[in-house]
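Residue-level listing of the chains:
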Amino acid sequence: MLSTNPFALSDTRAPLYFSDKVALVTGGASGIGMATAELLAREGARVVIADRCRDDGEELAARLRHEYGQALFVETDVGCASSVQALVGRTLLEYGRIDCAINNAGLSETPVDLIDASGEQWERLMAVNLRGVWLSMQHQIRAMLDAGRGAIVNVSSRTGLVGKPRLAIYTASKHGVLGLTRSAAIDYAPHGIRINAVCPGLIHTPFVEQKFGDGLPELARTMNPLGRIGRPEEVAECIAWLCSDAASFVVGVSLPVDGGAVA
Ligand SMILES: NC(=O)c1ccc[n+]([C@@H]2O[C@H](COP(=O)([O-])OP(=O)(O)OC[C@H]3O[C@@H](n4cnc5c(N)ncnc54)[C@H](O)[C@@H]3O)[C@@H](O)[C@H]2O)c1
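Here the structure is a predicted model, which means the values were calculated and not measured. (Residues numbered from 1 in each chain as written. Predicted model: local features only at pLDDT ≥ 70, side-chain atom pairs only at ≥ 80, totals over all residues. Heavy atoms only, no water.)

As for the packing of aromatic side chains
- Counted under the stated rule, the structure contains 1 aromatic pair.
- Considering the side-chain rings of Tyr 170 and Phe 207, the 6.3 Å spacing of their centres and the 45° angle between planes classify their relative orientation as tilted. Pair noted here: Tyr 170 is in helix 5 (residues 168-188) and Phe 207 is in helix 6 (residues 206-212), with a separation of 37 residues, a long-range link. (Phe/Tyr/Trp six-rings, centres within 6.5 Å; stacked < 30°, edge-to-face > 60°. Helix = DSSP H or I, 4+ residues; strand = E, 2+ residues; numbered from the N terminus.)

Considerations on the site of the ligand
- Around the ligand, 28 residues are found, and the nearest of them are Ser 30, Asp 51, Asn 104, Tyr 170 and Thr 205.
- Separating an oxygen atom of the ligand from a side-chain N or O atom of Ser 30 is a distance of 2.6 Å.
- Within the side chain of Asp 77, a nitrogen or oxygen atom sits 2.9 Å from a nitrogen atom of the ligand.
- Taken by itself the ligand offers 820 Å² of open surface, and the protein chains cover 93% of this. (Near = heavy atom within 4 Å. Polar contact = N/O pair within 3.5 Å; in protein donor to acceptor, adjacent residues only side chain to side chain. Areas by Shrake-Rupley, 256 points an atom, 1.4 Å probe, with all protein chains shown as cover.)

Some thoughts on the layout of surface pockets
- There is about 1,000 Å³ of room inside the largest pocket.
- Mapped by element, the contributors of at least two residues to the lining of the largest pocket are helix 1 (31-42), strand 2 (46-51), helix 4 (119-147), helix 5 and helix 6.
- With 6 residues, helix 6 is the largest single contributor of residues to the lining of the largest pocket.
- A class-by-class count of the residues in the lining of the largest pocket yields 19 nonpolar, 16 polar and 10 charged. (1 Å grid on protein atoms, 1.4 Å probe; cavity = no way out; pocket = protein on both sides within 12 Å on 5 of 7 lines; lining within 4 Å. Points joined across faces, edges and corners; volume = space filled by probe spheres on them. Nonpolar A, V, L, I, M, F, W, Y, C, P; charged D, E, K, R; others polar.)

This is the structure in structure tokens:
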């Protein structure tokens with residue numbers, strides 16, 4: 001019999017083979033990052049969760065260790081160069097290498113007209129959403145160059161592909177992530193490092209709960225052709241695929257995971 005949801009994930013999909021791989025997930029303590037850390041751990045990876053939220057990160061790492069074996073939390077601010085350097089250093093010390101890195105930590109913005117946005121808003125958002133990805137890639141790529149292989153997935157947004165009213169700074173930061181991704185992808189593919197991005201649409205995480213609250217179900221109905229909000233696990237599946245050897249010929253893409261919103 002057909003499932004009522006023709007797009008439901010199958011329990012029988014092929015394993016992604018992350019056995020013994022080392023995966024670093026920034027912003028891994030919540031939402032899309034948490035779902036990704038959990039999926040990779042379930043698929044056999046040793047996961048490093050980097051987040052500035054210590055309690056949630058420690059709790060998740062403890063749960064993943066209990067359920068799947070190895071996992072580590074490192075308190076990190078991706079907007080701070082010394083913090084990112086310490087994160088990569090600690091990962092190499094504990095696990096010896098980085099096979100995949102997911103640069104997912106990001107902040108949202110309260111909608112505001114461009115002419116009213118403050119310099120402080122610009123600095124705060126760019127520091128995490130754009131500088132954070134640039135700094136993280138710098139240190140991750142240095143580590144991957146030594147190994148001669150690796151995969152990086154940057155988390156942009158549907159708003160990295162199209163404009164959004166009253167969200168100019170967030171939109172600019174997410175467009176920037178795609179620029180960094182494409183440029184780095186070209187530079188480092190010859191060194192065996194594949195760099196790609198995902199562009200999630202509306203996904204049910206604390207990030208959007210906070211932003212839209214009770215208006216979320218109605219908004220979701222009109223947001224995309226599927227007429228529903230996405231689940232963090234649905235983005236995690238795409239990230240894991242891009243990290244895996246199943247995507248061995250995929251370089252520099254910006255993959256919408258948005259229920260068809262951009263289409
Ligand atoms: N949820 C959506 O609808 C949606 C849509 C498009 C893109 N995104 C992007 O997906 C990513 C994850 O979003 P989410 O919805 O899971 O959000 P979330 O708020 O649930 O999780 C974000 C995590 O990043 C961490 N973080 C924030 N600033 C940090 C910093 N400076 N250093 C380290 N960690 C930091 C937070 O503590 C949190 O754990 C973000 O980059 C966001 O822009 C989300």
